[in-house]
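Here is how the chains run, residue by residue.
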Amino acid sequence: MTRHLLVDDDLTQSEQAEVLALAAELKVDPYGHRTLAGPRSVAVLFDKPSTRTRISFEAGIAELGGHPMIIDSSGSQLGRGESVADTARILDRQVAAIVWRTGAQSGLVEMAEASAVPVVNGLTDDFHPCQLLADLLTITERLGDPAGRTLTYLGDGANNMAHSYLLAGVTAGMHVRISSPDDYRPDPTVLVRARQRGVETGGSATLIDDPVEAATGAHVLATDTWVSMGDADEELRHQVFTGHRLSEALVQVADPEAIVLHCLPAYRGKEIDASVLDGPRSVVWDEAENRRHAQKALLHWLLNREG
């Protein structure tokens, strides 16, 4: 059976740990696994602009010995109305795997249902699982085993990063706190899934309105841009989220060894203070680099379970 990564909890706790261990190995020995030697191709489709996703997959696929087939969906027949299922059937005869950075999660699911090769979520409106693998690798490097650690996410609790922190963080056995304004809370179904996963892993998922309370004692502080691609209410968001800025004051109430994450791009003085993003607790540049290592590990892991 072909394995995909469409949502963070497609991986069990033990499977997630396998991928992270392999990512750490590949970071030390970048050419230790030539999974795509041939070269075999991986289709990387983009419906949305990208910096980190594109360069990390392109470099990582090459390091695995493969050929990154970068496709701008707007310039393909997919962008002119060819069905997702038909596109999958064309691609899976040419490539070893498909990565898609798109909008609707439903389209990604349709792609996976029609594909005979692994499909990877490169980002959707609902989830960003590759980013979370990189984040967990970064946490492990700095703090050791994530299990039992507390991660606080501040800002838009309804976006893809908040959802992925809930699912991937709890899968790793972490205690995930989401602090956001009332109208920007996580999808209730995602919260339920995270709490169900926590029963298995010892992790937990909590909503805490007060950002100071949420940050107190946290081992990891994370945030994301307040305005994601497609959000039309930019001015309103800047007003509503002001109290949830990742500030120096919040860093001071966190654990003394706490680290700061941001998936980037960051807007200094908005969702995060410049002194925090560029300060000694910030590990955002390691986090960005770790996309490559985590995604290489994921592709290797998925392809070795195919069939």
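Per chain, residue numbering runs from 1 following the sequence as it is written. The predicted origin of the model limits local features to residues at a pLDDT of at least 70 and limits the giving and counting of side-chain atom pairs to 80 or more, whereas totals for whole chains, interfaces and linings rest on all residues. Hydrogens are left out, water is left out, and the side-chain values use all remaining heavy atoms of the structure.

**Description of the overall build of the protein chain**
Condition: The secondary structure listing takes helices from DSSP runs of H or I that are at least 4 residues long and strands from runs of E that are at least 2 residues long, numbered from the N terminus. This radius of gyration counts C-alpha atoms alone. The globule rule is 2.2 Å times how many residues there are, raised to the power 0.38. Exposure categories follow from relative accessible area, calculated using a 1.4 Å probe and restricted to protein chains: below 20% of the type maximum is buried, above 50% is exposed, and the middle band is partly exposed. What sets the accessible areas is the Shrake-Rupley method with a 1.4 Å probe; for residues, cover comes only from the shown protein chains. Counted as positive: Lys and Arg. Counted as negative: Asp and Glu, with His and the chain ends omitted from the count. All charge positions are set by atom: Lys at NZ, Arg at CZ, Asp at CG, Glu at CD.
The secondary structure content of the protein chain amounts to 12 helices and 9 strands. Here the C-alpha atoms of the protein chain give a radius of gyration of 19 Å, agreeing with the 19 Å that 2.2 N^0.38 yields for 307 residues. The buried share of the protein chain, reckoned over its 307 residues, is 57%. When the accessible surface of the protein chain is split by element, carbon and sulfur atoms take 50% of a total near 12200 Å². For the protein chain, the distance from the average site of its 27 positive side-chain charges to the average site of its 44 negative ones is 4 Å.

**Some thoughts on the pairing of strand β3 (residues 97-101)**
Our working definition: A pair of strands is considered paired only if DSSP assigns at least 2 bridges between the two. By convention, orient the strands away from the viewer: a clockwise path from the first strand over the helix to the second makes the crossover right-handed.
Most of β3 is tucked away: 5 of the 5 residues are buried. What you see with β3 is no split at all: Ala97, Val99 and Arg101 on one side and Ile98 and Trp100 on the other are buried throughout. Both strand β1 (residues 41-46) and β3 contribute to a ladder of 5 bridges, which runs parallel. Bridge pairing in β3 places Phe46 opposite Arg101. Summarising the sheet, β3 and strand β4 (residues 119-123) pair through 4 bridges and their orientation is parallel. Across the sheet, the residue bridging to Ile98 is Val119, located in β4. Following the backbone out of β3, through helix α4 (residues 105-114) and into the adjacent parallel β4, one traces a crossover that is right-handed.

**What to know about helix α2 (residues 52-63)**
Going by this rule: In this analysis, the expected span of each helix is defined as 1.5 Å times one less than the number of residues it contains. Note: the arc covers the axis-to-C-beta directions of the helix.
Helix length check: α2, at 12 residues, gives a terminal C-alpha distance of 16 Å against a target of 16 Å (1.5 Å per residue), a fit within 8%. Listing the buried residues of α2 in full gives Thr53, Ser56, Phe57, Gly60, Ile61 and Glu63. One side of α2 carries all its buried residues, which in axial view fall inside an arc of 155°. Of the residues one or two after α2, Gly65 is the one with positive phi, at around 90°.

**Points about the environment of His300**
Stated formally: What makes two residues a contact is simply this: any of their non-hydrogen atoms within 4.5 Å. Polar contacts, as counted here, are pairs of nitrogen or oxygen atoms within 3.5 Å of one another; within protein the pair requires one atom able to donate a hydrogen and one able to accept it, and residues that are adjacent in sequence qualify only if both atoms are side-chain atoms.
By the secondary structure assignment, His300 is in helix α12 (residues 284-303). Sequence-wise, His300 and Thr35 are 265 residues apart; in three dimensions their C-alpha atoms are separated by 6.0 Å. Each residue touching His300, except ones within four places of it in the same chain, is listed here: Leu22, His33 and Thr35. At 2.6 Å, the side chain of His300 forms a polar contact with the side chain of Thr35.

**Focus: the sheet that holds strand β8 (residues 220-223)**
Neighbouring strands of a sheet are bound in pairs by backbone hydrogen bonds; such pairs are parallel or else antiparallel. We count it as follows: Helix axes use the C-alpha atoms of the stretch in contact, all axes being lines fitted to C-alpha atoms, and the angles between their N-to-C directions lie in the range 0 to 180 degrees.
Spatially, the 5 strands line up as an open sheet ordered β7-β6-β5-β8-β9, and their pairing is parallel. Strands at the two margins of the open sheet, each flanked by one partner only, are β7 (204-207) and β9 (259-262). Pairwise comparison of adjacent strand axes, ignoring direction, gives a mean angle of 20° for this sheet. Bridging between strand β5 (residues 150-154) and β8 involves 4 bridges; their strand directions are parallel. If you follow Thr152 over to β8, its bridge partner there is Leu221. Contacting β5, β8 and β9, helix α5 (residues 129-143) runs over the sheet at an angle of about 165° to β9.

**Side note on the sheet that holds β4**
One open sheet accounts for 4 strands, arranged β2-β1-β3-β4; its pairing is parallel. Strands with a single pairing partner mark the edges of an open sheet, and in this sheet they are β2 (67-72) and β4. Here the strands of the sheet are splayed against their neighbours by 20° on average, with no regard to which way each runs.

**Quick word on the packing of aromatic side chains**
Aromatic rings in a pair are described by how distant their centres are and how their planes are angled relative to each other. The condition is simple: Pairing of aromatic rings covers Phe, Tyr and Trp, the last through its six-membered ring, and needs centres within 6.5 Å; plane angles under 30 degrees mean stacked, over 60 mean edge-to-face, and all others mean tilted.
All told, the structure shown has 3 aromatic pairs when counted by the stated rule. These aromatic residues form a ring-pair network of at least three members: Tyr184, Trp226 and Phe241.

**Here's the deal with the environment of Val283**
Its place among the elements puts Val283 in the loop between α11 (274-277) and α12. Along the backbone, Val283 and Gly79 are 204 residues apart, and their C-alpha atoms lie at a distance of 37 Å.

**Some points on the nonpolar core**
To keep it simple, the criterion reads: We define the nonpolar core as a collection of buried residues of types Ala, Val, Leu, Ile, Met, Phe, Trp, Tyr and Cys that are connected through side-chain atoms lying within 4.5 Å of one another.
Leu45, Ile139 and Tyr165 are the most contacted members of the largest nonpolar core, which has 76 residues in total. If you tally residues by element for this core, the top one is α5, at 8 residues. Setting aside anything within four residues of it in sequence, one finds Tyr165 in contact with Leu132, Asp135, Leu151, Tyr153, Val170, Val176, Ala222, Leu261 and Glu287. Ranked by size, the runner-up nonpolar core spans 16 residues in total, among them Leu246, Ala254, Val276 and Val284.

**Section: the pairing of β7**
Here is the key point about a regular strand: its side chains alternate between the two faces of the sheet. The pairing of strand β6 (residues 175-179) with β7 spans 4 bridges and is parallel. Looking across to β7, one finds that His175 is bridged to Ser204. Handedness of the crossover joining β6 and β7 through helix α7 (residues 188-201) is recorded here as right-handed.

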